[in-house]
Amino acid sequence: CERPDGRPERQRLLVVANRLPVSAVRRGEDSWSLDISAGGLVTALLGVKEFEARWIGWAGVNVPDEIGQKALTKALAEKRCIPVFLDEEIVHQYYNGYCNNILWPLFHYLGLPQEDRLATTRSFQSQFAAYKKANQMFADVVNTHYEEGDVVWCHDYHLMYLPECLKKYNTKMKVGWFLHTPFPSSEIHRTLPSRSELLRSVLAADLVGFHTYDYARHFVSACTRILGLEGTPEGVEDQGRLTRVAAVMLGVDRLDMIKGIPQKILAFEKFLEENSTWHEKVVLLQIAVPTRTDVPEYQKLTSQVHEIVGRINGRFGTLTAVPIHHLDRSLDFPKLCALYAVTDVALVTSLRDGMNLVSYEFVACQDAKKGVLILSEFAGAAQSLGAGAILVNPWNITEVAASIGQALNMHPEEREKRHRHNFHHVTTHTAQEWAETFVSELNDTVVEAQLRTSK
Ligand code: ADP
Ligand code: G6P
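Since we're looking at a predicted model, the values are computed, not measured.

Draft legend 1. Structural view of the packing of helix H9 (residues 261–274) against helix H14 (residues 397–408). Axis separation between H9 and H14 bottoms out at 8 Å; the angle between their running directions is 60°. Here H9 and H14 pass one another in a crossing that is right-handed. Residue-level inspection shows Gln263, Leu266, Ala267, Phe268, Lys270, Phe271 and Glu274 of H9 in contact with H14, the latter providing Ile397, Thr398, Val400, Ala401, Ile404 and Gly405. In terms of residue class, the contact of H9 with H14 is made up of eight nonpolar, three polar and two charged.

Put into structure tokens, the structure is as follows:
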């Protein structure tokens, strides 16, 4: 069954991401339970329903034995997921190392690791080698499951080397790549020792997508300044081959260094210091799901947050009330939505954030209450929700403290006006629309490439 443009009616979409939408926990030699994974990428992609989609990715667990691998593959098949099995050493070097200790902080403007810089430089090569090896393993699985006519959509900073590996297998494969984090200024990207190799590999894709126009612009400048390629209004051109670059807009924290959790709590402390009339009347509920717990930087962050929360509760708590409720855990989605709905003010203070779906979820759940969103100007969402939210610089604790006062005291009419703006945006820019736009642009790029060859 074909559409007038020659594409099949139900085109298969292979979604390739490091993290599958479910993470596996072993219950016995051949039995597994599957829990929904946390994070913006999974949330965004779970909102995409109208495709014949298969997911390819890592189930978040080491499965060294064949019995376990077979049983898990079967359990995942029921969820339309296909596993990529990564052993402990690869996970350590590729996921904990290159992805989350190097690329993630760098892309969020936190630089390359500061401590033990020499040791990091020495291990850099082996981590990058593991990164490439892991990407090749993803490519092998994609290649095994690929059928002619499928669209392959690769996701995020874990898989920047994948487009090139896939095109080596099959130049006709339609390959798109989407980044869920910021793409930093080219001045930051150029500090990365493997800067050129990664850019070149991403450029092997037919369409490269970013959350905001600024990230797309940074990527194009990195290609022109670092690779000496020509940037055009449509993307990047290399020896007559055009890679389209697009900004496709989409619209509670993981305990991550980029989320500005210590800064948020310190701003709340300042607010309490300056506003004694609010004592015992306002509570900060911080739900911080632990994440990437094997990476030392994340372990340090957990202790730091616990220490600050303890100090502030000791300082401002009474026998009947504590100002901060901090939970180190994930909540299931209905409970999270119930919390969003009863909250007066949401505080999203990311130091950098690709988009930030928590701010979207809060707005979507607030149609009755019309609560106020305080939003970091460094989150991609600030570009779409900026007119309705109170925008803050999360590094400026005094400003964030003042914004808490402004939000709590805001007149209902102004709250309503701000909320209406944000609600309209969130309900018209859905995950489904984002995916449809990306896949349709990806299909068009292939048509263009074929036209160029036939000229
Ligand atoms: P990131 O992509 O960095 O994880 P986002 O704000 O874009 O940040 O997305 C986070 C997603 O994970 C949201 O859908 C949010 O509901 C979910 N999430 C974050 N923290 C928790 C938590 N403590 N419990 C349950 N879900 C969470
Ligand atoms: C961010 C990244 C995703 C990642 C998520 C959770 O949203 O962009 O790729 O899946 O964080 O992190 P984790 O390391 O647990 O997959």
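This is not the end of the story, as more comes after the structure.
Draft legend 2. Looking closely at the site of ligand 2. All residues in the neighbourhood of ligand 2 are listed as Arg19, Gly39, Gly40, Leu41, Asp156, His180, Thr181, Thr291 and Arg292. When grouped by side-chain class, the residues that make up the shell around ligand 2 number one nonpolar, five polar and three charged.

Draft legend 3. Representation of the sheet that holds strand E14 (residues 345–348) in the model. As summarised here, the arrangement of the three strands in space is E14-E15-E16, forming an open sheet in which the pairing is parallel. Strand pairing shows two members of the sheet lacking a second neighbour, E14 and strand E16 (390–392), which therefore form its edges. Strand-to-strand twist across the sheet, computed as the mean angle between neighbouring axes with direction ignored, equals 15°. Relative to E16, strand E15 (residues 372–376) runs parallel, the two being bridged by three bridges. Counterpart to isoleucine 374 in the pairing with E16 is isoleucine 390.

Draft legend 4. Structural view of the nonpolar core. Residues Val16, Val152, Trp153, Phe219 and Ile374 are the most contacted members of the largest nonpolar core, which totals 123 residues. Take this core: its biggest share by element is eight residues, from helix H3 (residues 88–107). In this view, phenylalanine 219 contacts Phe183, Val208, Phe210 and Val245; residues no more than four positions away in its chain are not counted.

Draft legend 5. Broad picture of the confidence of the model for the protein chain. Of all residues in the protein chain, 93% attain a pLDDT of 70 or more, and the chain-wide mean is 89. For the protein chain, helix H16 (residues 431–454) is the element with the lowest average pLDDT, namely 74, and E16 is the one with the highest, namely 98. Considering only residues more than four positions removed or in separate chains, one finds that residues 451–455, a stretch of pLDDT under 50, has zero contacts. Confidence metrics for the complex model read pTM 0.86 and ipTM 0.93.

Draft legend 6. Examining helix H12 (residues 357–364) more closely. With six of eight residues buried, H12 lies mostly within the body of the structure. Among the structural elements, helix H1 (40–46), helix H11 (333–342), E14, E15, helix H13 (382–385) and helix H15 (412–428) are those in contact with the buried residues of H12.

Draft legend 7. Looking closely at the pairing of strand E4 (residues 52–58). Relative to E4, strand E1 (residues 12–19) is paired through six bridges, and the arrangement is parallel. Bridging from a neighbouring strand, leucine 13 pairs with alanine 53 of E4. Both E4 and strand E5 (residues 81–83) contribute to a ladder of three bridges, which runs parallel. Pairing of isoleucine 56 across the sheet is with isoleucine 82, part of E5.

Draft legend 8. Region of the structure containing the site of ligand 1. Neighbouring ligand 1 are 17 residues; Gly40, Thr43, Val289, Ser330 and Leu357 lie closest to it. With three residues, H12 is the single largest residue contributor to the shell around ligand 1.

Draft legend 9. Inspection of the environment of cysteine 81 at higher detail. Mapping cysteine 81 onto the fold places it in strand E5. Owing to 22 C-beta atoms within 10 Å, cysteine 81 belongs among the buried residues under this scheme. Cysteine 81 sits 133 residues away from aspartate 214 along the chain, and the two C-alpha atoms are 33 Å apart. Not counting residues up to four positions away in its chain, the partners in contact with cysteine 81 are Leu20, Val22, Trp55 and Leu76.

Draft legend 10. Molecular detail of unusual backbone geometry. Non-glycine residue asparagine 356 carries a positive phi angle of around 90°. Positionally, asparagine 356 belongs in the loop between E14 and H12. Classification of asparagine 356 by C-beta neighbours within 10 Å gives buried; the count is 26. In this model, lysine 370 sits at a positive phi of 60°, which is unusual for a non-glycine residue. Take lysine 370: there are 20 C-beta atoms within 10 Å of it, and that puts it in the buried class.

Draft legend 11. Main features of the packing of H12 against H15. Following both chains from N to C, one finds H12 and H15 inclined at 110°, their axes separated by 9 Å at the closest point. With respect to H15, the axis of H12 lies roughly perpendicular. Both H12 and H15 take part in a crossing whose hand is left-handed. Facing H12, whose interface residues are Tyr360, Val363 and Ala364, H15 presents Asn422, Phe423 and Val426. Counted by class, the contact of H12 with H15 contains five nonpolar, one polar and no charged residues.

Reading the values: the criteria
- Residues numbered from 1 in each chain as written.
- Chains lettered and ligands numbered in written order.
- Predicted model: local features only at pLDDT ≥ 70, side-chain atom pairs only at ≥ 80, totals over all residues.
- Axes fitted to C-alpha atoms, helices over the stretch in contact; angles between N-to-C directions.
- Helix = DSSP H or I, 4+ residues; strand = E, 2+ residues; numbered from the N terminus.
- Left-handed = near helix turned anticlockwise from the far one by under 90°.
- Contact = placed C-beta atoms within 7 Å.
- Nonpolar A, V, L, I, M, F, W, Y, C, P; charged D, E, K, R; others polar.
- Near = placed C-beta within 6 Å.
- Pairing = 2+ DSSP bridges.
- Core = buried A, V, L, I, M, F, W, Y, C linked by C-beta atoms within 7 Å.
- Buried ≥ 20, exposed ≤ 12 C-beta atoms within 10 Å, placed from the backbone.
- pLDDT = per-residue confidence, 0-100.
- Parallel < 35°, antiparallel > 145°, perpendicular 65-115°, else oblique.

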